[in-house]
Each structure stands twice: as structure tokens, then as C-alpha cells.
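If you want the building blocks of each chain, they are given just below.
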Amino acid sequence: MHIAFIGTGNMGRPMLANLLKAGHSATAYDLVPAALEAAVALGAARAGSLAEAAAAGDIVITILPSSGNVEAAYLGAGGIAERVGRGRLCIDMSTIDPGTSQRVAARLAEKGVRFIDAPVSGGVGGATAGTLAIMVGGAVGDVEEARPILAAMGTNIIHVGAVGAGEVAKLCNNLIAGVAFVAVSEAFRIGEAFGVDPKVLTGVISKSSGATWVMEKNHPVPGVDPNSAANRDYAPGFRTDLMAQDLGLAVSAARDKRVPAAVAAAAQQIYRMASSHGLGRKDCASVYRFLAPSPDEAPV
Ligand code: NAD
């Protein structure tokens, strides 16, 4: 397969590397020259524009930061929709709002172009190792056609439902993980304030009803798990700003469907405040650092 690969940032670059390693060829495009250079260094051909990349591929893959970027890349002037061949399949792997995926899919369908959403979980580490979890929304035939390509980038490829359903699954997952980082941080701040050793507390909770992936895989408290971001000054990982964005997408999806989402909304604001206090580019586990107790003399 010759792949048009668009968006060669932190995630796109290692994903492209795995596609090339699996024997595919690619034409890459990124707005940022250094990101495009890095893709060319991996062995991809260079496209001069979105449309040029789209025209070159048997299949198009995009992994871009936000809903606005995806909409502009597909539907904007000089975008993918203008040059992608009739009958081609486009796979968007960005984390965006499901309504945008559905809107882009509908506009492409008018031109006889197919679209699936396939957001990922597993971070830069999973992208590099080729072990991403990939949640896919789209027609069965399109998903099966994409599966061998996706298998070069991930190990768990799950067809969730129609277009947009992959994004829904991703937002639901990140809602839970985002709230859990805050909950674990609050709980451990309380434990520590009472003088309880965080390692002992971890031992208790991991055998109790509060056990969570967050504590097991990326413990927010320094000194508990040598492999967690907390032990490298919260170098990311998954940035606080991206977690705030994903919780924002979950909250707006909840609002669209008239679902109350109070805890997700509170967690979103906490990450946004952490970002305002300089932690936006740190790992999202740094929310523990943000949730420090107030000074003894402060009235509460
Ligand atoms: P990034 O900012 O490192 O890379 C995105 C790239 O897209 C940038 O190089 C940017 O220049 C490029 N871009 C933006 N608009 C473009 C356009 N119109 N045409 C061409 N290129 C364009 O971001 P990332 O960390 O790679 O994340 C990408 C997506 O993956 C996001 O939706 C994010 O939520 C999701 N994601 C990230 C992680 C992670 O750990 N970083 C994990 C899971 C999912």
C-alpha cells in the first residue's frame, strides 16, 4: 500500500515509522517543516501540500491535534477532499469530537470517498512499540480493509460501531482516566497529610475497591513507582493540556446528548487550572503536584 500520511508530530512520526517497517511506502505532509523533515528522514516521500499528499495515496491517514485541524485538513480550501480519488478510504486517528468525524464522513461520502475514525490509546510509548489500542468507527467493510494497516501500528484493534463511535469510546475512556488521576491525587494528598506512607496506601488500595489503572501504570505520587512520570519530574507521557482537551470533548458530547456530567466537568477545570499554573506541558499525573494542601495558617 502507498499511504498518504498527514500529521507527523509526536504520535504520527512513530506510527509512520511502523508502517514503513511493515513494508508500506508513504507520502507525508505536515504544516511544520521540521516535522515533515523527520518523516522524510524515516523514508517517506515529501508532499508540498495536503492535496498533493492525498492524491498520492492508495489510502489516507491523518493524525492531527484537534477537531478544527481535522475539519480544515479534509474540507478546507486546498484540503484532502479536493484531490483524494473516488472510492479511496481515509482513516482519521486524531482524538476529536465525534460530531466532526460524522460531518467530515458525510461530506466525503458526497464525493464517493470513504472515512473511518480510529483514535488511539497508549501514548508515544505505545506508538513507538506498535502496541496502540485503536478504537474504530465505520462501516464493517471499511474497517476490515483498514485492519491490516492498523495492525502495523497497534495490537488491540476494536470495531466499536458506526463513524464517530471510535471517538466516543476514546472520550469515554479518557473521561474515566482523567477523573481517576484527580481522585487518586486527592486521596493520596489526604493520606500523606495524615502521615500514611504512600507505598503502604498503594498496597491497601490496589487490593481494594479503589484499585485503578492510573495507580498501577502511572502513579501520580513521586517515589512509589520508579517507572511513572512522577519520578521524572512529570515529563510526558500524555500532557495535561491534552487531558483537559479530551475532558472538554467529553463534556461537550455529554451536553449535546443532554447527559449530566458534573465530575468530568470539574476534572476538566482542574486540569485547565493546572495548565494555567505552568503544568500544561507536563504529564497529566502532575495534577497531583497542583493539588497541594494550602498553608497551615490559611482559613478553610
Ligand atoms: P502533535 O502536535 O505532536 O502533532 C500533530 C501534527 O499535526 C503537528 O506536527 C502539526 O504541525 C500537524 N498538523 C496540524 N494541522 C495540520 C494540517 N492541516 N496539515 C498538516 N499537518 C497538520 O500532536 P500529537 O501528540 O501527535 O497528537 C496528535 C493526536 O493524537 C491528538 O488528537 C492527540 O489527542 C492524539 N493522541 C495523543 C497522544 C499522546 O500521548 N501524545 C496519545 C493518544 C492520542
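So, how was this worked out
Residues numbered from 1 in each chain as written. Predicted model: local features only at pLDDT ≥ 70, side-chain atom pairs only at ≥ 80, totals over all residues. Heavy atoms only, no water. Helix = DSSP H or I, 4+ residues; strand = E, 2+ residues; numbered from the N terminus. Rg over C-alpha atoms; globule rule 2.2 N^0.38 Å. Buried < 20%, exposed > 50% of the residue type's maximum accessible area, 1.4 Å probe, protein only. Areas by Shrake-Rupley, 256 points an atom, 1.4 Å probe, with all protein chains shown as cover. Lys, Arg positive; Asp, Glu negative; His and termini not counted. Charge placed at Lys NZ, Arg CZ, Asp CG, Glu CD. Pairing = 2+ DSSP bridges. Right-handed = clockwise from strand over helix to strand, strands pointing away. Disulfide = S-S within 2.5 Å. Near = heavy atom within 4 Å. Polar contact = N/O pair within 3.5 Å; in protein donor to acceptor, adjacent residues only side chain to side chain. Axes fitted to C-alpha atoms, helices over the stretch in contact; angles between N-to-C directions. Parallel < 35°, antiparallel > 145°, perpendicular 65-115°, else oblique. Contact = heavy atoms within 4.5 Å. Nonpolar A, V, L, I, M, F, W, Y, C, P; charged D, E, K, R; others polar.

A.B. asks: Hey, could you run me through the overall build of the protein chain in this one?
C.D. replies: From N to C terminus, the protein chain includes 14 helices and nine strands. The C-alpha atoms of the protein chain give 21 Å as radius of gyration, which agrees with the globular expectation for 300 residues (19 Å, within 12%). Referenced to the eigenvectors of the C-alpha coordinate spread, the extents of the protein chain come out at roughly 65 × 45 × 35 Å. For the protein chain, the residues scored as buried account for 48% of the 300 residues in total. Carbon and sulfur atoms provide 58% of the accessible area of the protein chain, an area that totals close to 13,700 Å². With 25 positive and 26 negative side-chain charges, the protein chain shows a spacing of 3 Å between the two charge centroids.

A.B. asks: Before we go on, may I ask you to explain the pairing of strand E8 (residues 132-137) in this structure?
C.D. replies: The side chains of a regular strand alternate between the sheet's two faces. Most of E8 sits out of view: five of its six residues are buried. Here strand E7 (residues 120-121) runs beside E8; their pairing, made up of two bridges, is antiparallel. Its bridge partner lying in E8, Val 120 is registered against Ile 134. Across six bridges, E8 lies against strand E9 (residues 154-161) in parallel orientation. If you follow Val 136 over to E9, its bridge partner there is His 159. Crossover handedness for the path E8 to helix H8 (residues 140-151) to E9: right-handed.

A.B. asks: What should I look at first to understand the state of the cysteines in this one?
C.D. replies: What we call a disulfide is simply a covalent bond connecting the sulfur atoms of a pair of cysteines. The tally for this structure, following the rule as stated, stands at zero disulfides. Summary of cysteine pairing: Cys 284 is not part of a disulfide, and the nearest cysteine sulfur, belonging to Cys 172, is at 17 Å.

A.B. asks: Explain the site of the ligand to me, please; I cannot follow it from the model alone.
C.D. replies: The immediate surroundings of the ligand are formed by 25 residues, with Asn 10, Met 11, Asp 30, Leu 64 and Thr 95 found nearest. Separating an oxygen atom of the ligand from a backbone N or O atom of Asn 10 is a distance of 2.9 Å. Between an oxygen atom of the ligand and a side-chain N or O atom of Asp 30, the distance comes to 2.6 Å. Out of a free accessible area of 840 Å², the ligand has 89% covered by protein chains.

A.B. asks: Would you explain the packing of helix H4 (residues 67-75) against helix H6 (residues 98-109) in this entry?
C.D. replies: One can describe the packing of H4 onto H6 by two numbers: an axis separation of 10 Å at closest approach and a directional angle of 5°. Our classification of the angle between H4 and H6 gives roughly parallel. Side by side, H4 and H6 meet where Ser 67, Glu 71, Tyr 74 and Leu 75 of the first sit next to Thr 100, Arg 103, Val 104, Arg 107 and Leu 108 of the second. Of the residues in the contact of H4 with H6, the class split is four nonpolar, two polar and three charged.

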